[in-house]
Amino acid sequence: MKSSFIYTSLLVLSIGWLMACEDHRDSPNASFPERIDFVAEGQYPEGIAYSSQLAKFLVTSIPLGKIGTVDIGGHYEDLLTDPGFIAGIGMKVADGRVFVCNSDQGRSVRSTPATTRQTAELLVFNLSTRQLERRTDLAALIPAAEPNFANDIAIAPDGTAYVTDSFSPVIYRVSATGAASILVRDDVRFASPTFGLNGIAYHPDGYLIVANTGQGKLYKVDLKNGNAISEVSGTGSLPGDGLTFLNNDLYVVTGGSRVAQVRSADNWQTASIQKYDATGYTGATTSVAVNNQIYTLNARIGEVGNARDFSIQRFR
């Protein structure tokens, strides 16, 4: 097993008030434009969240290992970083804290041969102090010979975080106090010759929906039934990235070029695509629900260069 390094600060997470999704609930009916263009030199952001505490979107960075903010006027500012923060992937905001996956695909200025495809961490930053509160090593939970890449996070009402790994067929579980374990491993349904598990979303009825990008499938993990895994049928091939629930529909960023609105009438045993929004997306990755709308990050993912222009756009 890989050596484990878990840092826990003296500040303890308030379990009772940790919400399952971004704290945009505190800013209802704010006015947001349909599209927000912003400039962030070489940012290549992968994850997006929203904080009502800051009244701004938050975006990660793959090559620069940091988190920045974007206001509704499109003004970008750096917000959080740490010397051990290699590449920011999926992210959630809850209880005044930022939960972010730290991974290494070899594309960061902080990448090394030792960390590339061998880094899977959950970092927790405090939004008020701007300090790193906790670092949980997830890679230590699987054999050292296996590659890993922590990709996305879902947070349950009790503060438990669930994290996907795109290079190993596992979902990690991290308690509200930072204790890490493997929730479930499936060498068939969670595997892929390319990119495996990606987006993850928590449903209030007590289950997770996860996307296997390489297989083009959605899977349900029933937390109330022994973490039973079942395929969500009926959508056809759907190579999902970010997953976001809003009003019981699931919004799936797919192929980098469109977002699918997916609906189920049988508790996600099956589902069907209600609508695609396929206009204006450029290397799109993940979405966030803000004020009863879905906003998706145009990350220009997959490009190689030094792009400076990115955008956030509303599902139409």
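Look up a bit, the structure's there.
Note that residues are indexed from 1 along each chain, following the sequence as it is written. Totals for whole chains, interfaces and linings use all residues, but because this is a predicted model, local features are given only for residues with pLDDT of at least 70 and pairs of side-chain atoms are given and counted only at 80 or more. Calculation of side-chain values draws on the structure's entire complement of heavy atoms; hydrogens and water are dropped beforehand.

A. View of the packing of aromatic side chains. Aromatic rings from Phe, Tyr and Trp, with only the six-membered ring used for Trp, were paired whenever their centres fell within 6.5 Å, and each pair was classed as stacked if the ring planes differed by under 30 degrees, edge-to-face if by over 60, and tilted otherwise. For the structure shown, the criterion picks out 15 aromatic pairs. The interplanar angle of 70 degrees and the centroid separation of 5.2 Å between the aromatic rings of Tyr50 and Phe57 together place this pair among those described as edge-to-face. On the accessibility criterion, Phe57 (0% relative accessible area) is buried. Measuring from centroid to centroid gives 5.9 Å for Phe85 and Phe125, while their planes differ by 40 degrees, and the two rings are tilted. You can see Phe85 sitting in the loop between β6 (76-81) and β7 (87-94) and its partner Phe125 sitting in strand β9 (residues 118-126), a full 40 residues away along the chain. Accessibility assignment for this pair places Phe85 and Phe125 in one class, buried. Remark: exposure states derive from per-residue accessible area (1.4 Å probe, protein chains only) relative to the maximum for the residue type, with buried under 20%, exposed over 50%, and partly exposed in between. A helix here means a DSSP run of H or I that spans at least four residues, while a strand means a run of E at least two residues long, and both kinds are numbered starting from the N terminus.

B. Inspection of the pairing of strand β19 (residues 240-246) at higher detail. Counting buried positions along β19 yields 7 of 7 residues, so the element is predominantly enclosed. Only strands joined by at least two bridges in the DSSP assignment are considered to pair. Bridging between β19 and strand β20 (residues 249-254) involves 5 bridges; their strand directions are antiparallel. Note on β20: the bridge partner recorded for Thr244 is Tyr251. Connecting β19 to the antiparallel partner β20 that follows it, the hairpin turn spans 2 residues, and Asn247 within it adopts a positive phi of roughly 55 degrees.

C. Region of the structure containing the pattern of salt bridges. Salt bridge, as used here, is a side-chain nitrogen of Lys or Arg placed within 4 Å of a carboxyl oxygen of Asp or Glu. Counted according to the given criterion, the structure contains 18 salt bridges. Arg135 serves as the salt-bridge partner of Glu121, at 3.0 Å between the closest nitrogen and oxygen. Of this pair, Glu121 sits in strand β9 while Arg135 sits in strand β10 (residues 132-137); the two residues are 14 residues apart in sequence, bridging distant segments of the chain. Since its relative accessible area comes to 12%, Glu121 is described here as buried. In this structure, Glu231 engages Lys217 in a salt bridge whose closest nitrogen and oxygen atoms are separated by 3.8 Å. Taken as a pair, Glu231 in strand β18 (residues 228-232) and Lys217 in strand β17 (residues 217-222) lie far apart in primary sequence, 14 residues in all. Residue Lys217 is classed as partly exposed on the basis of its relative accessible area, which comes to 30%. Connected through shared salt-bridge partners, Glu34, Asp277, Arg314 and Arg316 make up one network.

D. Focus on the side chain of Ser103. Along the chain, Ser103 falls in strand β8 (residues 97-103). Here a polar contact means two N or O atoms within 3.5 Å. Within protein one must be a hydrogen donor candidate and the other an acceptor candidate, and residues neighboring in sequence count only if both atoms are side-chain atoms. Only 2.5 Å separates the side chain of Ser103 from the backbone oxygen of Ala150, close enough to count as a polar contact. Residue contacts are defined here by distance: any two heavy atoms, one from each residue, within 4.5 Å place the two residues in contact. Those residues in contact with Ser103, other than ones at most four positions away along the chain, are Ile86, Ala87, Ile89, Thr119, Phe149 and Ala150.

E. Molecular detail of the sheet that holds strand β5 (residues 66-70). Strand order in the open sheet formed by 4 strands is β3-β4-β5-β6, with antiparallel pairing between adjacent strands. The open sheet terminates on both sides in strands that have one partner only, identified here as β3 (48-51) and β6. Taken pair by pair, the neighbouring strands of this sheet meet at an average axis angle of 30 degrees, ignoring direction. Pairing analysis gives 4 bridges linking β3 to strand β4 (residues 56-60), with the strands arranged antiparallel. Considered in β4, the bridge of Tyr50 is made with Phe57. Interaxial angles span 0 to 180 degrees and are taken between N-to-C directions of axes, which are lines fitted to C-alpha atoms, for helices over the stretch in contact.

F. Quick look at the side chain of Ser61. Mapped onto the elements of the fold, Ser61 is located in the loop between β4 and β5. Judged by relative accessible area, which is 0%, Ser61 ranks as buried. Separated by 2.7 Å, the side chain of Ser61 and the backbone oxygen of Gln43 make a polar contact.

G. Quick look at the sheet that holds β17. Taking strand neighbours across the sheet as the criterion, the 4 strands line up as β15-β16-β17-β18 in an open arrangement whose pairing is antiparallel. Across the chains shown, the open sheet's two edge strands, defined by having one partner strand only, are β15 (197-203) and β18. Taking the axes of each pair of neighbouring strands and ignoring which way they run, one obtains an average angle of 25 degrees across the sheet. Bridging between β15 and strand β16 (residues 207-212) involves 5 bridges; their strand directions are antiparallel. Opposite His203, over in β16, you have Tyr207 as the bridge partner.

H. Broad picture of the nonpolar core. Only buried residues count toward a nonpolar core. Its members are Ala, Val, Leu, Ile, Met, Phe, Trp, Tyr and Cys residues joined through side-chain atoms within 4.5 Å. Counting 24 residues, the largest nonpolar core has Phe99, Leu122, Leu138, Ile153, Val163 and Tyr172 as its most contacted members. Among the secondary structure elements, those contributing two or more residues to this core are β7, β8, β9, β11 (148-155), β12 (161-165) and β13 (170-174). When residues of this core are assigned to their parent elements, the largest contribution, 4 residues, is made by β11. Not counting residues up to four positions away in its chain, the partners in contact with Val163 are Cys101, Leu138, Ala150, Asn151, Asp152, Ile153, Val170, Ile171 and Tyr172. Listed in part, the 19 residues of the second largest apolar core include Ile36, Ile48, Tyr295 and Phe310.

I. Looking closely at the pairing of strand β24 (residues 293-298). When you tally the buried positions in β24, you get 5 out of 6 residues, the bulk of the element. Where strand β23 (residues 284-290) lies against β24, 5 bridges are found, and the strand directions are antiparallel. Within the sheet, the bridge partner assigned to Val288 lies in β24 and is Tyr295. Pairing geometry for β24 and strand β25 (residues 309-314), over 4 bridges, is antiparallel. Each residue of the ladder has a partner; that of Thr296, found in β25, is Gln313.

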